[in-house]
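An overview of the molecular structure
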Protein chains: 2
Amino acid sequence: MIYGKVALIGLGLIASSMFWSTRRAGAAGTVAGYDLSSEARDTARRIGLCDNVCDSAVEAVKDADLVVLCVPVGAMGAVAAEIGPHLKPGATLSDVGSVKGRVIEEVGPHLPGGVHFVPGHPLAGTEHSGPEAGFSSLFDNRWCLLVPVEGTDPEALATLKSYWEALRANVEVMDAEHHDLVLAVTSHCPHLIAYTMVGVADDLRRVTDSEVIKYSAAGFRDFTRIAASDPTMWRDVFLSNKEATLEILGRFTEELFALQRAIRTGDGEHLHAYFTRTRAIRRGILEAGQDTDAPDFGRVKVER
Amino acid sequence: MIYGKVALIGLGLIASSMFWSTRRAGAAGTVAGYDLSSEARDTARRIGLCDNVCDSAVEAVKDADLVVLCVPVGAMGAVAAEIGPHLKPGATLSDVGSVKGRVIEEVGPHLPGGVHFVPGHPLAGTEHSGPEAGFSSLFDNRWCLLVPVEGTDPEALATLKSYWEALRANVEVMDAEHHDLVLAVTSHCPHLIAYTMVGVADDLRRVTDSEVIKYSAAGFRDFTRIAASDPTMWRDVFLSNKEATLEILGRFTEELFALQRAIRTGDGEHLHAYFTRTRAIRRGILEAGQDTDAPDFGRVKVER
Ligand SMILES: NC(=O)c1ccc[n+]([C@@H]2O[C@H](COP(=O)([O-])OP(=O)(O)OC[C@H]3O[C@@H](n4cnc5c(N)ncnc54)[C@H](OP(=O)(O)O)[C@@H]3O)[C@@H](O)[C@H]2O)c1
Ligand SMILES: NC(=O)c1ccc[n+]([C@@H]2O[C@H](COP(=O)([O-])OP(=O)(O)OC[C@H]3O[C@@H](n4cnc5c(N)ncnc54)[C@H](OP(=O)(O)O)[C@@H]3O)[C@@H](O)[C@H]2O)c1
């Protein structure tokens with residue numbers, strides 16, 4: 001047992017996975033939960049999510065040793081303002097938001113002295129959301145980035161680290177600005193681009209009937225999976241990580257224009273060189289154990 | 001047995017999968033193969049790919065009832081010019097190229113009267129290439145589009161259809177222009193965009209050390225898989241499907257700019273509405289049985 005009482009605020013994919021995983025690990029004495037939506041609370045009670053589902057955030061965080069904000073990034077400030085005065089002295093407040101700079105700005109000021117603020121971000125998710133989407137193995141062997149702020153208590157940081165490790169995540173520490181740039185590249189921009197491509201396909205639906213859907217397996221369906229994630233979560237991510245996202249998108253459009261030009265002018269060498277260079281990154285990812293080499297993510301069963 | 005002798009030209013992923021699948025189905029009396037590279041021919045002989053690996057395309061197509069061009073799209077014209085005079089009267093010539101308009105333009109003129117030209121395109125692939133990449137189940141329950149040209153013999157078309165069905169593909173007939181537009185949306189543009197995003201990440205490698213690789217699981221790794229495909233194949237696809245690709249890319253950039261603007265101006269409503277709309281397409285794909293609903297393509301094992 002790492003914390004006597006853990007409180008999870010916002011009972012969606014991440015919080016529900018944290019609960020099942022915490023229970024699997026025996027990492028908390030008791031877990032309380034709260035969600036703004038009474039429907040989500042009812043569902044949580046029905047499926048046994050959390051030892052205790054409360055009807056207010058204030059009630060949920062009472063006496064908690066660890067409070068984790070699992071709401072969309074844009075809602076974190078308001079939740080912090082509400083629960084701040086009710087946090088137990090010596091408690092740790094953390095979050096799982098996909099953007100760190102803005103969360104730190106908006107949550108930090110609401111926390112009383114004596115409460116340890118240790119922002120975090122588990123790099124694990126699926127395209128599903130809500131209390132029923134979670135499962136205990138979501139964080140297994142995935143990264144969890146902890147982003148301590150100025151003056152974070154080393155002991156509070158160490159304890160939170162051991163908690164995530166009990167949930168079978170690999171923990172790294174990083175600063176907020178760097179986090180937001182790296183995530184803009186590995187997650188935020190890919191999501192925006194996938195959403196855009198799916199939007200274009202949707203516009204074309206009348207021209208192509210439902211053929212875009214019928215023949216989606218040619219590559220497009222991977223984009224639709226990425227673009228099926230929760231709209232509120234992603235709206236908040238882009239509004240919160242504006243600077244890094246726009247910076248990376250700027251580079252993206254530049255390179256896309258260069259490739260477009262190569263297509264238009266028939267510059268096969270440029271295209272070939274570009275497509276060869278990008279292969280190396282895939283090799284790096286496979287060597288780092290971050291994906292399966294099985295064709296089509298293992299969706300295809302191989303037999304000769 | 002559907003064809004007495006089948007000849008496969010270009011022994012890569014698609015041809016090798018066709019061979020294993022043809023053998024599984026007993027769909028051909030004998031299968032001959034040829035590849036330009038002697039290394040590929042040696043590999044094919046070593047792993048038992050094709051009943052007979054020939055040292056020239058002309059030798060491979062001798063007496064064949066079906067000849068399938070499985071080379072990159074840009075190489076099809078030259079291969080057709082070479083083998084055209086040696087095709088058996090009454091034989092069917094097909095291909096598996098990802099673009100159809102250009103293949104028809106470049107291959108058609110080289111075929112003697114009495115040879116049936118039935119272009120095709122199986123919508124199945126992986127990010128791997130070469131003679132060792134193939135496996136018998138690649139086409140199982142996937143689409144194969146046949147794109148008959150003016151004057152295609154209905155019987156030749158019907159026989160080729162039954163051949164692909166024996167390989168367990170679902171066959172549809174479509175015209176070339178429509179094929180090239182639909183594939184620009186479902187495959188060609190998604191690939192170009194994935195290549196571009198991976199290129200941007202590669203540029204940033206120095207800024208982010210290897211963190212882009214380390215934390216790729218956040219979404220980016222799906223792009224790297226798409227962008228790991230064969231550079232020659234994809235160069236040829238873009239040069240061959242120039243018009244439709246540029247048309248779709250134009251729409252893509254337009255929509256991306258609108259989303260970028262919404263991020264810059266903080267227009268959360270626009271973002272939320274856009275992200276909600278794109279979810280519907282994913283539902284359509286799942287309903288059409290074109291992908292798994294398992295989180296993360298089933299990469300993640302679900303347990304509570
Ligand atoms: N999904 C991922 O891939 C992923 C990965 C890593 C981190 N994250 C981060 O994790 C957080 C949660 O994401 P998720 O995927 O778990 O989302 P989710 O499944 O949509 O869950 C979020 C839950 O929070 C509730 N909520 C919203 N505002 C609230 C408030 N003020 N007080 C209490 N509950 C509130 C929502 O209720 P309503 O539905 O009724 O609004 C919803 O049930 C986000 O900050 C996201 O950036 C997500
Ligand atoms: N991969 C996919 O996802 C996919 C899906 C559907 C359709 N297709 C289409 O299928 C075709 C083959 O793709 P693939 O994935 O099988 O590619 P691949 O694995 O790279 O195989 C192509 C093979 O053709 C050989 N080749 C090139 N020029 C040749 C020539 N003039 N004569 C004989 N052999 C030649 C190549 O040899 P070298 O390597 O020595 O050049 C290579 O071994 C392409 O037209 C592609 O558009 C691909």
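Residues numbered from 1 in each chain as written. Chains lettered and ligands numbered in written order. Predicted model: local features only at pLDDT ≥ 70, side-chain atom pairs only at ≥ 80, totals over all residues. Heavy atoms only, no water.

Below, the discussion takes up the sheet that holds strand β8 (residues 143-146) of chain A. Residues and elements named next belong to chain A. Pairing is mixed in the open sheet, where three strands are placed in the order β7-β8-β9. The sheet terminates laterally at β7 (120-122) and β9 (170-173), the two strands that pair on one side only. The sheet shows a mean angle of 20 degrees between the axes of neighbouring strands, taken without regard to direction. Inspection of the sheet shows β7 paired to β8 by three bridges, in the antiparallel sense. From the neighbouring strand, H121 faces β8, where its bridge partner is L145. (Pairing = 2+ DSSP bridges. Helix = DSSP H or I, 4+ residues; strand = E, 2+ residues; numbered from the N terminus. Axes fitted to C-alpha atoms, helices over the stretch in contact; angles between N-to-C directions.)

A word on the nonpolar core. Ranked by internal contacts, the top residues of the largest apolar core, which has 122 residues, are I9, V67 and L93 of chain A together with I9, V67 and L93 of chain B. If sequence neighbours within four positions are ignored, V67 of chain A has contacts with A7, I9, V61, I83, L87, T92, L93 and S94 of chain A. (Core = buried A, V, L, I, M, F, W, Y, C linked by side-chain atoms within 4.5 Å. Buried < 20%, exposed > 50% of the residue type's maximum accessible area, 1.4 Å probe, protein only. Contact = heavy atoms within 4.5 Å.)

The subject of this paragraph is the relation of the copies chain A and chain B. Each copy of the sequence occupies a distinct position, and chain A is placed on chain B by a rotation of 180 degrees and an axial shift of 0.0 Å, giving an RMSD of 0.0 Å. Taken together, the rotation angle and the small translation identify this as a two-fold axis. Most of the interface of chain A is mirrored in chain B, where 100% of its interface residues again form contacts. (Least-squares fit on C-alpha atoms with pLDDT ≥ 70 in both.)

A few words now on the packing of aromatic side chains. Here a ring pair, both rings aromatic, is described through the centre-centre distance and the interplanar angle of the planes. All names here are of chain A. Per the stated rule, a full pass over the model turns up 19 aromatic pairs over all chains. Judged by centre distance (5.7 Å) and plane angle (35 degrees), the ring pair of W234 and F238 falls under tilted. Taken together, the positions of W234 and F238, both in helix α11 (residues 231-240) and four residues apart, correspond to about one turn of that helix. Since its relative accessible area comes to 0%, F238 is described here as buried. Among the aromatic residues, those joined into a ring-pair cluster are Y3, F139, Y163 and W164. Across the ring face of Y274, the terminal group of R277 is positioned such that the distance to the ring centre comes to 5.0 Å. (Phe/Tyr/Trp six-rings, centres within 6.5 Å; stacked < 30°, edge-to-face > 60°. Lys NZ or Arg CZ within 6 Å of the ring centre and 35° of its normal.)

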